[in-house]
Amino acid sequence: MEQKRQIKQLKTVYTEIIKRLVDPTFKFSGGGATQKTLANFLGLMTEKFGSVTEERLVDVSIFIAYIYRQKRLPVKSTFGKASLSHFSTSKRGQRHYENEWLATKDLSRADLLQLIAVSSEHPLAEYIYMPSEEARKFRLHNQRSGFVMCQASTMGWSPQSEACRTCQFIDECKKETEIKFPELYRIRIENGNNSNK
């Protein structure tokens, strides 16, 4: 889910740059090869930098568009290991020339970042508490078979769930939830801490 969003963001920023500064008719192919190339590129970015932020997506898109602005290369060549290697070793002064280039068409890094800015709500926020799971969580409540059934049919422990608060398997369930849904578990912990303040 996260990678799909990042691919969309990468396409959005890169397309905006190329259309405004290089080729007004540019568009990415909608085929699977393009998706795979961009997914692989994002994987390489994650390996190299640990995470892929919106700022980094903007920076790498600008860098790639700038260095290949006079060449028409296929996506596979443009978004590959070599481009990422050049990006990670580029000099700080390079940004100055990129910014000047963007400014020729009244474009800036901030404008591009605004195109892909994610809303402040976490993408998994709707799953912090699932009222629809309460009935399943209460079936065979506080019995081992109920715990197994709960693990198989719900998204696990939630700090706002009445069933979870009164369950004798809460510690075991928290561990299972953290293993299966680490990011959801993290925001549930955070949400539970905030609601206790």
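Along each chain, residues carry numbers from 1 onward, in the same order as the chain's sequence is written. pLDDT decides what is reported in this predicted model: residues at 70 or higher carry local features, side-chain atom pairs at 80 or more are listed and counted, and totals for whole chains, interfaces and linings draw on all residues regardless. The side-chain quantities take in all heavy atoms of the structure and omit both hydrogens and water.

## What to know about empty space enclosed by the protein
Every definition here rests on a 1 Å grid over the protein atoms only: cavities are sets of points where a 1.4 Å probe fits but cannot get out, pockets are open sets enclosed by protein on both sides within 12 Å along at least five of seven lines, and lining residues have some atom within 4 Å of a point. Grid points are joined across faces, edges and corners, and a volume is the space filled by probe spheres set on the points. Counting across every chain of the model gives one cavity of 30 Å³ or more. Estimates place the volume of the largest cavity at around 130 Å³. In this structure, the largest cavity is lined by 16 residues; those nearest its centre are Lys-137, His-141, Cys-150, Ala-163 and Cys-167. For the lining of the largest cavity, the element with the highest residue contribution is helix 9 (residues 144-153), accounting for three residues. Three residue categories are used. Nonpolar comprises Ala, Val, Leu, Ile, Met, Phe, Trp, Tyr, Cys and Pro, charged comprises Asp, Glu, Lys and Arg, and polar comprises the others, including Gly. Tallied by class, the residues present in the lining of the largest cavity amount to ten nonpolar, four polar and two charged. In this description a helix means any DSSP run of H or I spanning at least four residues, a strand means any run of E spanning at least two, and both kinds are numbered starting from the N terminus.

## Regarding unusual backbone geometry
Positive phi values are uncommon outside glycine, yet Leu-140 reaches one of about 50 degrees. Topologically, Leu-140 is positioned in the loop between helix 8 (134-138) and helix 9. Relative accessible area decides the class of each residue, using a 1.4 Å probe on protein chains only: under 20% of the type maximum gives buried, over 50% gives exposed, and in between gives partly exposed. For Leu-140, a relative accessible area of 40% translates into the label partly exposed. One non-glycine residue with positive phi stands out, namely Asn-142, at about 65 degrees. Assignment of secondary structure puts Asn-142 in the loop between helix 8 and helix 9. Residue Asn-142 is classed as partly exposed on the basis of its relative accessible area of 28%.

## Brief notes about the side chain of Glu-98
Position of Glu-98 among the secondary structure elements: in helix 6 (residues 93-103). Classification of Glu-98 by relative accessible area gives buried; the value is 3%. Should any heavy atoms of two residues lie within 4.5 Å, those residues are counted as being in contact. Ignoring sequence-local partners within four residues, the contact set of Glu-98 consists of Ile-62, Phe-63, Tyr-66 and Arg-109.

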